[in-house]
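The primary structure of each chain is shown beneath.
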Amino acid sequence: MSMKQRLPDPRLKRVFRLEASLGEPLDLGDTPRGRRRIVPASGGTFVGPELNGTLLPGASADWQIVLPDGTTLGDIRHTLQTDDGALLYVRSRGVRHGSAEVMARLSRGEDVSPSEYTFRTWTQIETASARLDWLNKGVFISVGGRRPGGVTYETYLVA
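Summarised in this report is the structure supplied together with it. Computed from a predicted structure; not experimentally measured. (Residues numbered from 1 in each chain as written. Predicted model: local features only at pLDDT ≥ 70, side-chain atom pairs only at ≥ 80, totals over all residues. Heavy atoms only, no water.)

For the protein, the helix and strand inventory stands at one helix and 10 strands. Seen in sequence order, the protein has helices and strands lined up from the N terminus as β-β-β-β-β-β-β-α-β-β-β. In terms of overall size, the protein behaves like a compact globule, its C-alpha atoms giving a radius of gyration of 17 Å where 159 residues would be expected to give roughly 15 Å. Structurally, the protein occupies a C-alpha span of about 50 × 45 × 30 Å along its principal axes. Considering the protein as a whole, with its 159 residues, one finds that 38% of them fall into the buried category. For the protein, the accessible surface area stands at approximately 9100 Å², while carbon and sulfur atoms represent 55% of it. Computed over 21 positive and 18 negative side-chain charges, the inter-centroid distance for the protein is 5 Å. (Helix = DSSP H or I, 4+ residues; strand = E, 2+ residues; numbered from the N terminus. Rg over C-alpha atoms; globule rule 2.2 N^0.38 Å. Buried < 20%, exposed > 50% of the residue type's maximum accessible area, 1.4 Å probe, protein only. Areas by Shrake-Rupley, 256 points an atom, 1.4 Å probe, with all protein chains shown as cover. Lys, Arg positive; Asp, Glu negative; His and termini not counted. Charge placed at Lys NZ, Arg CZ, Asp CG, Glu CD.)

Here's what the structure looks like:
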């Protein structure tokens, strides 16, 4: 094998778009790692070429660390149910950052265009569904956007 062997360029295939509504954040205050917040997801839906369904409230939240500059480190866990009843455990780790002014507007709950900041995650999906076993083996990334009272994620399979 040659050391200069060209590796294939990754391709992205959209898996679903999740529109989630958010509950009131629980602010734990400043911890040694930053300001800890837990933001519950109170409901939502997802649609995609092969997957559609709902977000299950009570089993979904974002455990955040907010750094002094406003950068948010997310540990996002959602439980989704497909229209045919399959359960998906979706766990994402990521970062949301932008200028101090933009992050302050987001913090106040203002409507800020996702083009003004970066919100990206790497995502893992688990399911017991044999039909959806390919999700257990996939490598996924998501692009996120906040909106007043909610959040949107577009999740892609990296092929």
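Considering only enclosed or pocket space, the largest pocket measures out at about 490 Å³ in volume. Lining the largest pocket are 35 residues, with Arg37, Val39, Gln64, Arg96 and Arg146 sitting closest to its centre. Ranked by residue count, the leading element in the lining of the largest pocket is strand β6 (residues 72–82), at five residues. Per-class residue counts for the lining of the largest pocket are 16 nonpolar, 12 polar and seven charged. (1 Å grid on protein atoms, 1.4 Å probe; cavity = no way out; pocket = protein on both sides within 12 Å on 5 of 7 lines; lining within 4 Å. Points joined across faces, edges and corners; volume = space filled by probe spheres on them. Nonpolar A, V, L, I, M, F, W, Y, C, P; charged D, E, K, R; others polar.)

Time to look at the packing of aromatic side chains. Enumeration over the complete set of coordinates arrives at two aromatic pairs. Plain terms: the ring middles of Phe119 and Tyr153 are 5.6 Å apart, the flat faces sit at 75° to each other, and that makes the pair edge-to-face. Of this pair, Phe119 sits in strand β8 (residues 117–127) while Tyr153 sits in strand β10 (residues 150–158), and the two are 34 residues apart along the sequence. Across from the ring centre of Phe119, 5.6 Å away, lies the NZ or CZ of Arg96, which sits over that ring. (Phe/Tyr/Trp six-rings, centres within 6.5 Å; stacked < 30°, edge-to-face > 60°. Lys NZ or Arg CZ within 6 Å of the ring centre and 35° of its normal.)

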